[in-house]
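# Coordinate analysis (summary)
For reference, the chains in residue letters:
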Amino acid sequence: AQSVTQLDSHVSVSEGTPVLLRCNYSSSYSPSLFWYVQHPNKGLQLLLKYTSAATLVKGINGFEAEFKKSETSFHLTKPSAHMSDAAEYFCVVSGGGGYQKVTFGTGTKLQVIP
Amino acid sequence: DVKVTQSSRYLVKRTGEKVFLECVQDMDHENMFWYRQDPGLGLRLIYFSYDVKMKEKGDIPEGYSVSREKKERFSLILESASTNQTSMYLCASSLLTSGRDNEQFFGPGTRLTVL
């Protein structure tokens, strides 16, 4: 069994300040973890992924995430928010087995205040 | 770049109508998926397919069926649309079934309203 919990449904930051979007997961296998971003009226786009290589993963648009097995977390961060970062973000866990079931979190809406 | 296209961005149907949502991918991916997205619930998997003519139920298959006659095309069918099927529908594809690098590529979504 696997699950993913996004701890905040909404996050609001000022432009130029750091962003932290929190994600905790559980998985019976060594998971793959992903962050996707969805801008209004658009499909989902992959930001970054962890697949058991380096625990600190760098993605597009200055985002990064750190896999912490002891804390079962995969939080998404960015040093300085930009207006264009306003979107909904989804944390995703994919487990092992013949078909790797993919489970999405419920999403975090990021608001960036000018 | 992988491209996943969906036949309609917006669709309005009446209760009881049969509805077809089409999805096409151009990267020869083995796997295709249909999700619905509702506020506060994230994405929920309706059906997926790992090969032509093969399909597996996801978490919420009730009221839906699918068809995959060709590798690049995956259709979602609402046999008799109901108002609780008003939602955003997202199609995705991925190259791998097993292994760790099974990134999914998404289409732009179809916003379906059932009146």
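Predicted, not measured: the structure shown is a model, and the values here were computed from it.

## Quick notes on the overall build of chain B
If you tally the helices and strands in chain B, you get zero helices and eleven strands. Its C-alpha radius of gyration of 13 Å places chain B within 12% of the 13 Å reference for a compact globule of 115 residues. Seen along its three principal axes, the alpha-carbon backbone of chain B occupies a region of about 40 × 30 × 25 Å. Here chain B holds 115 residues, and 47% of them are scored as buried. Within chain B, contacts between residues separated by at least 24 positions form 56% of all contacts whose residues are at least 6 apart in sequence.

## Structural notes on the pairing of strand β11 (residues 110–114) of chain B
Residue and element names in this part refer to chain B. Alternating positions in β11 separate cleanly, T110, L112 and V114 being buried on one face and R111 and T113 remaining unburied on the opposite face. Looking at chain direction, strand β2 (residues 10–13) and β11 are connected through four bridges and run parallel. The partner of K13 across the bridge, within β11, is V114. As paired strands, strand β9 (residues 87–94) and β11 are joined by three bridges and run antiparallel to one another. Residue pairing in the sheet places Y89 in a bridge with T110 of β11.

## A word on the state of the cysteines
Residues and elements named next belong to chain A. By the definition in use, this model includes two disulfides over all chains. Put simply, C23 and C91 are joined by a disulfide, and their sulfur atoms are 2.0 Å apart. Taking the sign of the torsion about the S-S bond as the criterion, the disulfide between C23 and C91, at about -70°, is left-handed. Of this pair, C23 sits in strand β4 (residues 23–27) while C91 sits in strand β10 (residues 87–94), placing them 68 residues apart in sequence. When sorted by exposure, C23 lands in the same class as C91, which is buried.

## Some remarks on the packing of aromatic side chains
Residues and elements named next belong to chain A. What the rule picks out here adds up to 13 aromatic pairs over all chains. When the centroid spacing of 6.4 Å and the interplanar angle of 50° are considered together, the rings of Y50 and F74 count as tilted. Within this pair, whereas Y50 is found in strand β6 (residues 44–50), its partner F74 is found in strand β9 (residues 73–78), the two being separated by 24 residues in sequence. You can call F74 buried: its relative accessible area is 0%.

## Describing the interface of chain A and chain B
Contacts between the two partners involve 27 residues from chain A and, on the opposite side, 23 residues from chain B. Between chain A and chain B lies a buried interface of about 2000 Å² when both sides are counted; carbon and sulfur atoms form 47% of it. Linking chain A to chain B there are one salt bridge. With a closest N to O distance of 3.6 Å, E103 of chain B and K49 of chain A form a salt bridge. At the junction of chain A with chain B, the criterion picks out two residue pairs in polar contact (both at pLDDT 80 or more). Contributing elements (two or more residues each) for the side of chain A that touches chain B: β5 (32–38), β6, β10 and β11 (102–104) of chain A.

## What about the sheet that holds strand β7 (residues 64–70) of chain B?
Residues and elements named next belong to chain B. The four strands lie next to each other as β1-β3-β8-β7, forming an open sheet whose pairing is antiparallel. Unpaired on one side and paired on the other, β1 (4–6) and β7 mark the two borders of the sheet. Each neighbouring strand pair of the sheet contributes to a mean axis angle of 20°, computed without reference to strand direction. Here β1 runs beside strand β3 (residues 19–25); their pairing, made up of three bridges, is antiparallel. Counted as the bridge partner of V4 is Q25 from β3.

## Describing the environment of V37 of chain A
Residues and elements named next belong to chain A. Looking at where V37 falls in the secondary structure, it is placed in strand β5. On the accessibility criterion, V37 (3% relative accessible area) is buried. With 49 residues separating them along the chain, V37 and A86 place their C-alpha atoms 9.5 Å apart.

## A look at the pairing of strand β1 (residues 2–6) of chain A
All names here are of chain A. Side chains of β1 alternate between two faces, with Q2, V4 and Q6 buried and S3 and T5 left unburied. Summarising the sheet, β1 and β4 pair through five bridges and their orientation is antiparallel. Directly across from S3, in β4, lies its bridge partner S26.

About the thresholds
Residues numbered from 1 in each chain as written. Chains lettered and ligands numbered in written order. Predicted model: local features only at pLDDT ≥ 70, side-chain atom pairs only at ≥ 80, totals over all residues. Heavy atoms only, no water. Helix = DSSP H or I, 4+ residues; strand = E, 2+ residues; numbered from the N terminus. Rg over C-alpha atoms; globule rule 2.2 N^0.38 Å. Buried < 20%, exposed > 50% of the residue type's maximum accessible area, 1.4 Å probe, protein only. Contact = heavy atoms within 4.5 Å. Pairing = 2+ DSSP bridges. Disulfide = S-S within 2.5 Å. Phe/Tyr/Trp six-rings, centres within 6.5 Å; stacked < 30°, edge-to-face > 60°. Buried area = accessible area lost by both parts, 1.4 Å probe. Salt bridge = Lys/Arg side-chain N within 4 Å of Asp/Glu carboxyl O. Polar contact = N/O pair within 3.5 Å; in protein donor to acceptor, adjacent residues only side chain to side chain. Axes fitted to C-alpha atoms, helices over the stretch in contact; angles between N-to-C directions.

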